[in-house]
Amino acid sequence: MRLSQLFGKTLRQVPAEAETPSHRLLLRAGMVQQVAAGVYAYMPLGWAVFRKIERIIREEMDREGGQEMMMPSIVPIEVYQQSGRDQTMKDILFRLSDGRGREFALGPTHEELFTEVFKRNVRSYRDLPLLAYQIAPKFRDEPRPRGGLIRLRQFWMKDLYSFDADWEGLDISYRKMYDAYQRIFDRCAVPTVPVLADSGAMGGKDTHQFMYVTEYGEDNCLFCPNCGYAADAEVAAFVKEPAYSSEEAKPAEEIDTPGLYTIQALAQNLGVPESRTCKAVFYQATYADGTESKNQGTRNKERGTRSEGQGTRAEAVFVAIRGDMDVNESKLRKALGAVDVTYMSEEDAQQAGFVAGSASAVGLAGARIVADDLLPLEHNLVAGANKPDKHLLNVNYQRDWTADVVADIALAKEGYRCLNCRTPMDLKRGIEMGQVFKLGTRYAEDIGAVFQDQEGKQRPAVMGSYGIGLERLLAGVIEANHDESGIIWPHELAPYKVHIVAIQPEKPEVAQAADRLYEELQSLGVEVLYDDREETPGVKFNDADLLGMPLRTTLSPRNLSSGSAEVKARTEAQSRLIPLAEAAAALANEAQQSPERV
RNA sequence: CGGGGUGUAGCUCAGUCAGGCUAGAGCGCACGGUUCGGGACCGUGAGGUCGGCGGUUCGAAUCCGCCCACCCCGACCA
């Protein structure tokens, strides 16, 4: 490709909205362009890399016996009603209807559809295991797109679904994908760590996320430096020990605490550690209403109206936790069996009868009370008095208050100790590159995807689902492979292997030599980018660094006068001279090799 | 959806607080010339519904109201 003809130019200045390195470089290199929030156009250079990522993923999926197929993006809404996910994913579904009023969603993920197709085609255990996948666009009306390609509303995903006869089979399929993922991320030169994760709205059992650890990540993960335990903060287990379990319960005492509305202020003013206090947090919990979750949506189908709040029930929840800890909303949701929990606004809290700033479970009526499981073990905590500007000293569980639910609802933090080996853990941020799920039989049961086993019994398929976000991986590749000057493409992903820089191409001897090298390399099957533009050397070298091809060769009047071409790898600091006559063969040879990554 | 911020030329931004005549700069772009090994220089030129609608005013990029878009922090996910 001649750079003078390439659709999409490099940018000297980056649009102000770009903050992460990958976003800046993608824009600067002219690889992508934003169309709307979370929606991008891929220019030829970006698309070329995209297709290479796709190829690596395809190769590794096929290697494990995956069968590629293609599902539509336009999916009848009924498909998601079967599993109830038209409700649980309500907020992220892009919906549309056809001219006759039939409703569809743009597929955000395809568990239901794959299960549906499985149901129509599979009858016997002899057809199992089955690994089917697609590499296709997904649509999610994310409330907050972010970080360039890191969080999008339209994105490509490789999604594979495994169907097994039993859980042992699922374990094998899961392992296959787990291993394939390691190879994919390795080939893309993105260091990832598998971490235990939350199954969230997907439902299911085991799940790992493959995290690329970076300060630009949006997920918090805990890592044990000693035993290697790694988990998303949402599910991370840690050592929880009471601080005051051995104390004798002292008599409660009401004190004036004007202006002390936060745990920090309270603890400071009383001269006690935050762990001596009991914190109150107010949540609104949403529950799926069983009578409405299925077959709902066959009614209420007037065009354009969303069935807001249908099939759900809300409840105010009072959460008590030791003052030095924070609530893990994921754990809270599970403890309550709720579909969703959201932090209450001040007004809602007031309406629910909570005295913000001095709230307490002591003497509280009319709300469900959830206590972290550490609280019943502690003694003599400071808690609110449920009266403005008053707190209680020496509050004790059982004697002064009890909870409706006692559960571990604490969020893991930096320095909390590993449950396996008691070593303090590190908190790091990461970007999720992919996820593997053991779904179990949930979707198969909802949809009726059963097969006949060896005994002739009908059994639901045991499923897994395995996703990789392609754009996110592309962003990760750049995050993990760049320097101040630009991108450093891993060998397998470089859109071109060789970047020819012609200095003063308006001089015939330069143009002739460069044209010839360009053609020779192409005829040798080397992907080559040829900077034939009439630009100054500085501009060309900077663009070559920015675009990041593995090999750069410079043809200039200076080099040509000695019959040489200059060669420099993107990862090398110094260039070297080689005879021009051998340049094509030498470059082709070097481009064919897979140099070790730095 | 809550909190914060930004919308002026393709990009980066000034001008807005204290309203005033043909709305500016740098980069980029076009043409001509001089240059040529790490984002050169000179000259000429094209390019703008000042996010949109409404209002106040003799007069609005500037003041007021409503709306929209985008970015960042949270709640959600590949």
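For the structure, check the block above.
Quick look at the structure, then. As the structure is a computational prediction, the values presented were derived from the model and not from experiment. Residue indices begin from 1 for each chain and proceed along its sequence in written order. Written order decides the labels, with chains lettered from A and ligands numbered from 1. With the structure being a predicted model, the display of local features is reserved for residues of pLDDT at least 70 and the display and counting of side-chain atom pairs for 80 or more, all residues being used for whole-chain, interface and lining totals. Each side-chain value is worked out from all heavy atoms of the structure, with water and hydrogens disregarded.

1. Looking at the nonpolar core
Okay, so step 1: Of all hydrophobic cores here, the largest spans 60 residues; its most connected members are I184, L473 and W489.
Okay, so step 2: Per element, the largest residue contribution to this core is eight residues, and it comes from helix α6 (residues 167-187).
Okay, so step 3: In this analysis, two residues are considered to be in contact whenever any of their non-hydrogen atoms come within 4.5 Å of each other. Beyond its immediate stretch of four places on either side in the chain, L473 contacts I53, I57, I184, F185, C188, V190, M433 and I468.
Okay, so step 4: Membership of the second largest hydrophobic core comes to 30 residues, among which are V319, L332, I409 and C418. Take the buried residues of types Ala, Val, Leu, Ile, Met, Phe, Trp, Tyr and Cys, join any two whose side-chain atoms come within 4.5 Å, and each joined set is a nonpolar core. To sort residues, take the accessible area from a 1.4 Å probe on protein chains only and compare it with the maximum for the residue type: under 20% means buried, over 50% means exposed, and anything in between is partly exposed. For helices the rule is a DSSP run of H or I covering at least 4 residues; for strands it is a run of E covering at least 2, with both sets numbered from the N terminus onward.

2. With respect to the state of the cysteines
Okay, so step 1: Pairs of cysteine sulfur atoms within 2.5 Å are what we label disulfides. Overall, the coordinates contain zero disulfides when judged by the stated rule.
Okay, so step 2: With no disulfide partner, C188 has as its closest neighbouring cysteine sulfur the one in C221, 20 Å distant.
Okay, so step 3: With no disulfide partner, C221 has as its closest neighbouring cysteine sulfur the one in C224, 14 Å distant.

3. Here's the deal with helix α13 (residues 508-523)
Okay, so step 1: By this rule the span expected of a helix is its residue count minus one, scaled by 1.5 Å. Between the first and last C-alpha of α13 there are 22 Å, a value that for 16 residues agrees with the 22 Å anticipated at 1.5 Å per step.
Okay, so step 2: Turning to α13, its buried residues are V510, A511, A513, A514, L517, Y518 and L521.
Okay, so step 3: On its buried face, α13 sits against β25 (498-502), β26 (528-531), β27 (551-555), α15 (557-561) and α16 (580-592).
Okay, so step 4: Two residues or fewer past α13, G525 is found with a positive phi of approximately 80 degrees.

4. Things to note about the sheet that holds strand β13 (residues 253-256)
Strands in a sheet are paired, the pairing made by backbone hydrogen bonds, and the direction either parallel or antiparallel.
Okay, so step 1: When DSSP finds two or more bridges between two strands, those strands count as paired. Across the sheet, three strands lie side by side as β13-β19-β18; this open sheet has antiparallel pairing. Edge positions in the sheet fall to β13 and β18 (381-384), since each has one partner strand and no second. If you compare each strand with its neighbour and ignore which way they point, the axes differ by 30 degrees on average. Note on method: axes are straight lines fitted to C-alpha atoms, helices fitted across the in-contact stretch only, with angles between N-to-C directions ranging 0 to 180 degrees.

5. Let's talk about the sheet that holds strand β6 (residues 103-106)
Okay, so step 1: Judged by pairing direction, the sheet is antiparallel, and its three strands sit side by side in the order β4-β6-β5 without closing on themselves. This sheet does not close on itself; its edge strands, each paired only once, are β4 (74-76) and β5 (94-97). Mean inter-strand twist for the sheet, computed between neighbouring axes without regard to direction, equals 40 degrees.
Okay, so step 2: Where β5 and β6 come together, four bridges link them in antiparallel fashion. Residue S97 lies in a different strand from β6, and its bridge partner there is E103.

6. Examining the packing of aromatic side chains
Okay, so step 1: Two rings from Phe, Tyr or Trp (for Trp, the six-membered ring) form a pair when their centres are within 6.5 Å of each other. A pair whose planes differ by under 30 degrees is stacked, one over 60 is edge-to-face, and the rest are tilted. Counting across every chain of the model gives 16 aromatic pairs.
Okay, so step 2: Judged by centre distance (5.6 Å) and plane angle (40 degrees), the ring pair of F185 and F210 falls under tilted. Residue F185 is located in helix α6, and its partner F210 is located in strand β10 (residues 207-213); the two are separated by 25 residues in the primary sequence. Across the pair, exposure class does not vary: F185 and F210 are buried alike.
Okay, so step 3: Among the aromatic residues, those joined into a ring-pair cluster are Y42, W47, F50 and W156.

7. Here we look at the protein's contact with RNA strand B
Okay, so step 1: Consider each residue's heavy atoms; a residue with any of them within 4 Å of a molecule or strand counts as near. Not every one of the 50 residues close to RNA strand B is listed here, only the nearest: R151, D219, D545, S556 and E566.
Okay, so step 2: For RNA strand B, the fraction of atoms within 4 Å of the protein that belong to sugar or phosphate moieties is 47%.
Okay, so step 3: At 3.3 Å, a side-chain N or O of R472 approaches a base oxygen of RNA strand B.
Okay, so step 4: Pairs of N or O atoms are called polar contacts if they sit within 3.5 Å, as long as, within protein, a hydrogen donor faces a hydrogen acceptor (for residues adjacent in sequence, only side-chain-to-side-chain pairs). At 3.4 Å from a base nitrogen of RNA strand B is found a main-chain nitrogen or oxygen belonging to F541.
Okay, so step 5: Of all elements in the fold, only β1 (32-36), β8 (154-164), α9 (329-336), β21 (426-440), α14 (537-547), β27 and α15 reach the threshold of two or more residues within the surface near RNA strand B.

8. Observations concerning the pattern of salt bridges
Okay, so step 1: Put simply, a salt bridge is a Lys or Arg side-chain nitrogen that is within 4 Å of an Asp or Glu carboxyl oxygen. For the structure shown, the criterion picks out 49 salt bridges.
Okay, so step 2: Its salt-bridge partner being R151, residue E142 comes within 3.2 Å of it at the nearest N-O pair. This pair shows no difference in class: E142 is buried, exactly as R151 is.
Okay, so step 3: Here D543 makes a salt bridge to R533, at a shortest N to O gap of 2.9 Å. Of the two residues, D543 sits in helix α14 while R533 sits in the loop between β26 and α14, which places them 10 residues apart along the sequence. Note on accessibility: D543 and R533 belong to one class, buried.
Okay, so step 4: One network of salt bridges, in which partners are shared, links E59, E60, R63, E64, R183, R187 and E492.

9. Let's talk about helix α1 (residues 21-28)
One turn of the α-helix equals 3.6 residues, which is why residues spaced by three or four share an orientation.
Okay, so step 1: The buried fraction of α1 amounts to six of the eight residues, a majority that puts the element mostly inside the structure.
Okay, so step 2: When we look at burial in α1, the residues that qualify are P21, S22, H23, L25, L26 and L27.
Okay, so step 3: Here the buried face of α1 lies against β1, β2 (39-42), α12 (470-480) and α14.
Okay, so step 4: Of the residues trailing α1, G30 is marked for its positive phi of about 70 degrees.

10. Overview of the packing of α13 against α16
Okay, so step 1: As a packed pair, α13 and α16 sit with axes 9 Å apart at the nearest point and diverge in direction by 35 degrees. Taken as a pair, α13 and α16 cross one another with a handedness that is right-handed. Between α13 and α16, the residues in contact are A513, L517, E520 and L521 and L580, A583, A584, L587 and A588, respectively.
Okay, so step 2: Looking at the contact of α13 with α16 residue by residue, the classes come out as eight nonpolar, no polar and one charged. What makes a crossing left-handed is the near helix being turned counterclockwise from the far one by less than a right angle; a clockwise turn instead makes it right-handed. The residue classification treats Ala, Val, Leu, Ile, Met, Phe, Trp, Tyr, Cys and Pro as nonpolar and Asp, Glu, Lys and Arg as charged. All others, Gly included, are polar.

11. A short note on the pairing of strand β11 (residues 219-223)
Okay, so step 1: The sheet contact formed by β11 and β21 spans five bridges and is antiparallel. In the sheet register, L222 faces β21, and the bridge partner there is L427.
Okay, so step 2: Between β11 and strand β12 (residues 230-232), which follow one another and run antiparallel, lie six residues, and G228 among them has a positive phi close to 85 degrees.

12. Digging into the packing of helix α2 (residues 44-63) against α12
Each packed pair of helices is defined by two parameters, the angle between the axes and the distance between the axes.
Okay, so step 1: The geometry of α2 relative to α12 is characterised by a closest axis approach of 10 Å and an angle of 110 degrees between their N-to-C directions. The angle between the axes of α2 and α12 places the two elements in the roughly perpendicular class. Facing α2, whose interface residues are V49, F50, I53, E54 and I57, α12 presents L470, E471, L473 and L474.
Okay, so step 2: In terms of residue class, the contact of α2 with α12 is made up of seven nonpolar, no polar and two charged. Here the word oblique covers every angle except those under 35 degrees (roughly parallel), over 145 (roughly antiparallel) and from 65 to 115 (roughly perpendicular).

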